[in-house]
Amino acid sequence: MMMTDTMTRQMRDCMQACMDCYKMCTQMQMKCMETGCDSATMKTMMDCAQMCQVCADFMMRNSPMSMEMCGMCAKMCTSCATACENMAKGDAMMMDCAKACRMCADTCMNVSKSAMAA
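Fair warning: this is a prediction, and the values are worked out from it, not measured in the lab. (Residues numbered from 1 in each chain as written. Predicted model: local features only at pLDDT ≥ 70, side-chain atom pairs only at ≥ 80, totals over all residues. Heavy atoms only, no water.)

Caption draft 1: Just the overall build of the chain, in detail. The helix and strand tally for the chain stands at four helices and zero strands. For the chain, whose C-alpha radius of gyration is 14 Å, the value lies close to the compact-globule estimate of 13 Å for 118 residues. Taking the principal axes of the C-alpha coordinates as reference, the chain spans close to 45 × 30 × 20 Å. When burial is assessed residue by residue, the chain has 44% of its 118 residues classed as buried. Taking the contacts inside the chain whose residues are at least 6 apart along the sequence as the reference set, 69% of them involve residues at least 24 apart. Counting every atom, the chain has about 6600 Å² of accessible surface; 58% of that belongs to carbon and sulfur. Side-chain charges of the chain comprise 11 positive and 12 negative groups, with the mean position of each set lying 2 Å from the other. (Helix = DSSP H or I, 4+ residues; strand = E, 2+ residues; numbered from the N terminus. Rg over C-alpha atoms; globule rule 2.2 N^0.38 Å. Buried < 20%, exposed > 50% of the residue type's maximum accessible area, 1.4 Å probe, protein only. Contact = heavy atoms within 4.5 Å. Areas by Shrake-Rupley, 256 points an atom, 1.4 Å probe, with all protein chains shown as cover. Lys, Arg positive; Asp, Glu negative; His and termini not counted. Charge placed at Lys NZ, Arg CZ, Asp CG, Glu CD.)

Pasting the structure below:
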């Protein structure tokens, strides 16, 4: 059971961005297996998908480590977005993946910063 009544709107938005990024990275991995991507990009997408899923899990449980996880997730998503942009070469799905990663990085960084300011 998710405890949404104890979560801020910002945290709920962040969890959604994490799950959207997780989904895009996972879908992109499947496409890369069919079309071929370099192994470094594949590993980055795998790491990003896993990090996003774990970050969302931490927030759902209201873990005391969730804000630190958000900071790490922001770094991972930024790295993945750059990797996707470098691989894209006009591929719309790869650019959508990069966009989802950037959105997740932004929301995670905002959550992480707001927790530090509190």
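This is not the end of the story, as more comes after the structure.
Caption draft 2: Focus on the pattern of salt bridges. A complete count under the given rule lists three salt bridges for this structure. For Arg9, the salt bridge goes to Asp13, with nearest N and O atoms at 3.7 Å. Note that Arg9 and Asp13 are positioned in helix α1 (residues 9-35) at a spacing of four residues, about one turn of the helix. Exposure remark for Arg9: the relative accessible area of 57% places this residue in the exposed category. For Asp13, a relative accessible area of 36% corresponds to the partly exposed category. One salt bridge in this structure joins Arg102 and Glu85, with 2.8 Å as the shortest N-O distance. Taken together, the residues Arg102 in helix α4 (residues 92-117) and Glu85 in helix α3 (residues 66-88) connect sequence positions 17 residues apart. Judged by its relative accessible area of 32%, Glu85 is partly exposed. (Salt bridge = Lys/Arg side-chain N within 4 Å of Asp/Glu carboxyl O.)

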